[in-house]
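Spelled out, the chains give:
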Amino acid sequence: MTPKKDGRIRSPVEFLLSTQAEFADVSAETIRRAALFDDRLEDVLSVEVGETPSEVVYSENKLELRRYESVTDTRHDVPILVVYALINQPYILDLQPDRSVIRRFLEAGHDVYLIDWNEPSRLDRRLGIQDYVDRYIDNCVDFVREASDQESINVLGYCMGGTLSAIYAARYPEKVNAMALLATGLYFDDTGGILELWGDENHYDPRALTQTYGNVPGEFLDVGFALMNPVTNYVSKYVRLFERVENEDFVRNFARMETWLSESIDVAGDVYAEFLEEIYQKNSLYKNELVVDGERVDVRNIEMPLLQIVGEYDHLVPPEASKPFNDVVGSDEVTTIEYPTGHVGLAMSTNAHRDVWPEVAEWFLDQSKQPGLAEVIAEGVEQALGVDIETDVTVGDVDEIEISVADEQDDTARAVIRQDVQSIRAFLEDTLDSDIEIEVGTSGTTVAVETDDGVEVEFVETVGEATRAEIEEAIEDTDIAATYDLEHVDGIGPTYAGRLREAGIESVGELAVSDPSTVRESAQTTINLARKLIDRARALLDAHEAVETPSQD
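Let me sum up the structure you'll find in this document. Nothing here was measured: the structure is a model prediction, and the numbers come from that model.

## Describing helix α7 (residues 206–213)
Structural remark: α-helix, 3.6 residues per turn; residues separated by three or four positions point the same way. Listing the buried residues of α7 in full gives Pro 206, Leu 209 and Thr 210. Seen end-on, α7 carries its buried residues on one side only, within an arc spanning 90°. Away from its buried face, by an angle of more than 90 degrees, α7 presents the exposed residues Gln 211 and Thr 212. One or two positions beyond α7, positive phi appears at Gly 214, with a value near 80°.

## With respect to the side chain of Asn 154
On the secondary structure map, Asn 154 appears in strand β9 (residues 153–158). Exposure remark for Asn 154: the relative accessible area of 0% places this residue in the buried category. Engagement of the side chain of Asn 154 in a polar contact is seen with the side chain of Asn 177, the distance being 2.9 Å. A polar contact of 3.4 Å, which involves the side chain of Asn 154, links it to the backbone nitrogen of Ala 178. With near-sequence residues (within four places) excluded, Asn 154 lies in contact with Val 78, Pro 79, Ile 80, Leu 81, Asn 177, Ala 178, Phe 364 and Ser 368.

## So, the sheet that holds strand β5 (residues 80–83)
Strand order in the open sheet made by the 8 strands is β3-β4-β8-β5-β9-β10-β13-β14, with mixed pairing throughout. Either end of the sheet is taken by a strand with one partner, and the two such strands are β3 (54–60) and β14 (334–339). Here the average twist between neighbouring strands, direction ignored, is 20°. Direction of pairing for β5 relative to strand β8 (residues 112–116): parallel, over a ladder of 4 bridges. Of the residues in β8, the one forming a bridge with Val 82 is Leu 114.

## A word on the nonpolar core
Counting residues in hydrophobic clusters, the biggest one holds 93 residues, and the most contacted among them are Leu 81, Leu 93, Phe 105, Leu 285 and Trp 357. Considering each element in turn, this core owes the most residues, 8 residues, to helix α4 (residues 129–148). If sequence neighbours within four positions are ignored, Leu 285 has contacts with Thr 163, Ala 166, Ile 167, Leu 186, Glu 278, Ile 279, Leu 290, Val 297, Val 299 and Phe 325. Ile 377, Ile 401, Ile 403 and Val 447 belong to the second-largest nonpolar core, a separate cluster that totals 19 residues.

## A few points about empty space enclosed by the protein
As enumerated under the stated definition, the model contains 2 cavities of 30 Å³ or more in all. Taken together, 17 residues form the lining of the largest cavity, with Lys 62, Trp 117, Asn 118, Pro 120 and Tyr 132 sitting closest to its centre. Grouping the constituent residues of the lining of the largest cavity by class yields 10 nonpolar, 2 polar and 5 charged. Of the volumes computed, that of the second largest cavity is approximately 30 Å³. Around the second largest cavity, the lining residues are Tyr 84, Ala 85, Asn 88, Gln 89, Pro 90, Ile 115, Asp 116, Trp 117, Asn 118 and Ile 265.

## Observations regarding helix α21 (residues 516–523)
Three or more residues of α21 are buried, namely Val 519, Ser 522 and Ala 523. Down the axis, α21 shows its buried residues gathered within 85° of arc, on one side only. Just downstream of α21 lies Gln 524, where phi reads positive at about 55°.

## Brief notes about the pattern of salt bridges
Summed over all chains, the structure comprises 23 salt bridges. With a closest N to O distance of 3.9 Å, Glu 107 and Arg 103 form a salt bridge. Here Glu 107 pairs with Arg 103, and both are found in helix α3 (residues 101–107), just 4 residues apart, close to one helical turn.

## Some words on the packing of aromatic side chains
Within this structure, the stated rule accounts for 12 aromatic pairs. With a centroid separation of 5.5 Å and 50° between ring planes, the pair formed by Tyr 84 and Tyr 158 is classed as tilted. Here Tyr 84 is found in the loop between β5 and β6 (94–96), whereas its partner Tyr 158 is found in strand β9, with 74 residues between them in sequence. No difference in accessibility class separates Tyr 84 from Tyr 158, as the two residues are buried. Taking the centre distance of 4.4 Å and the plane angle of 65° together, the rings of Tyr 187 and Tyr 286 count as edge-to-face. Pair noted here: Tyr 187 is in the loop between β10 (176–182) and α6 (193–198) and Tyr 286 is in helix α12 (residues 284–287), with a separation of 99 residues, a long-range link. For Tyr 187, a relative accessible area of 14% corresponds to the buried category. In this structure Tyr 286 comes out as partly exposed when scored by relative accessible area, which is 24%.

## Some points on the environment of Gly 504
For Gly 504, the location among the structural elements is in the loop between α19 (494–502) and α20 (508–512). The spatial distance from the C-alpha of Gly 504 to the C-alpha of Ser 522 is 8.7 Å, given a sequence separation of 18 residues.

## Quick notes on the packing of α19 against α21
At a minimum axis separation of 8 Å, α19 and α21 run at an interaxial angle of 115°. If you check the angle between α19 and α21, you find them roughly perpendicular. Of the two possible hands of crossing, α19 and α21 adopt the one that is right-handed. For the pair α19 and α21, the contacting residues are Tyr 496, Arg 499 and Leu 500 in the first and Val 519, Ser 522 and Ala 523 in the second.

Reading the values: rules and limits
Residues numbered from 1 in each chain as written. Predicted model: local features only at pLDDT ≥ 70, side-chain atom pairs only at ≥ 80, totals over all residues. Heavy atoms only, no water. Buried < 20%, exposed > 50% of the residue type's maximum accessible area, 1.4 Å probe, protein only. Helix = DSSP H or I, 4+ residues; strand = E, 2+ residues; numbered from the N terminus. Arc of directions from axis to C-beta. Polar contact = N/O pair within 3.5 Å; in protein donor to acceptor, adjacent residues only side chain to side chain. Contact = heavy atoms within 4.5 Å. Pairing = 2+ DSSP bridges. Axes fitted to C-alpha atoms, helices over the stretch in contact; angles between N-to-C directions. Core = buried A, V, L, I, M, F, W, Y, C linked by side-chain atoms within 4.5 Å. 1 Å grid on protein atoms, 1.4 Å probe; cavity = no way out; pocket = protein on both sides within 12 Å on 5 of 7 lines; lining within 4 Å. Points joined across faces, edges and corners; volume = space filled by probe spheres on them. Nonpolar A, V, L, I, M, F, W, Y, C, P; charged D, E, K, R; others polar. Salt bridge = Lys/Arg side-chain N within 4 Å of Asp/Glu carboxyl O. Phe/Tyr/Trp six-rings, centres within 6.5 Å; stacked < 30°, edge-to-face > 60°. Parallel < 35°, antiparallel > 145°, perpendicular 65-115°, else oblique. Left-handed = near helix turned anticlockwise from the far one by under 90°.

Here's what the structure looks like:
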């Protein structure tokens, strides 16, 4: 007898009938889902990957260096070169627009290049670590350096490409401004997971494979990776697909991933064997014993800022196979982002794109930019008044910046404003109830802050001639702004000008940094006209054009 939910004991007949009914329901649901497969098959066959526009700007042998089309009005000066792994296709970093590492960088204003290795031929079987580091990567770095007019550039290495990037940075540190390593194997001493166990020299000789095949077949690698988690890779994921076949987005995402997994590429024989022998079996890179072209690869030369991005549940490259490397490099600026996802999830999961990649984009910018006007003013004001000022360029549009100010009482003011001197100074002056003056010298910038309590003067050192030129130009723009009256803005006559001045908006510069709601209330007009007046004020300051004939409202 079988108990029912109400506690009553069911008879054998009741149990049989209920079981048959449940089986019929399941069968009907299964048949209904199966009928959808033909339609979903069309979705699977039509999916597209790697859609972000790019062009090949350099090629060598099979290698193609791609530069991605900007999606912002301006690009940051120091570009990012992505060094992809030698295994699989690189579009896992550009799987679809909302899950694209490449697009996250582009949206943050970065100039992005990527090395697409493509598949080696049989003639490439003798390519080793030296060929990839000293020849291919170095030639690409030199191309990007010349194209961007930068002495050093940023590098992001993924998986095996990250290991090659670390070797490159140790051999050519003067060419690398900052380096991020994504899911990168760097330390193997009983911490590297299943791959380290399978690749142990007591069990596996990589030369036996390369002597048989020449290059290592991509299919061989695919099966090996899949067998690390066979239930998930051969059973569970297809069960989930069947259960969610009605969800078109899920099916298309599933198809994109399966497309990537199925398009494996071969790996050149010698680099595969050297990688297994030196990096996995001997742990030579971590031990500072790796030799390339007769020279020891000294990881203490990695003195540039280093960021490690690791997956907490990565079974291919566990965090323990990455993080110990931080202790042997020469850099004093080492950051680790450990996120609760797996190896591939770091590159394409929705949560990673929400939480991880904006932070990585900001990190690269922090390591790349010379201190600009916002930082100079902020530092001078911080020193003068004892307040805390933070800036964030990832908020708002590419020409905007978020500034937050916290005083001694920890009261915080925050705003997203244009990234120019008028906006920055006006916000800080209004927030701190002070007047700010800036004077540029040959070795630094003087920031004078005048409040009711007097004048505080601070000297802020700047870096390089480019920064001084930027500040001088910004101050010049401010002086020009002061020469304009509100009536110089097309659409503002005496009436609107009088209303704005009464509300405290007394100059074109102040109008340019005001928000539409304030202008609407002050001028007693519509929100659309308020936006137009602000845009016209900004255009006037940007263009430095002659004064136009004022119009009447």
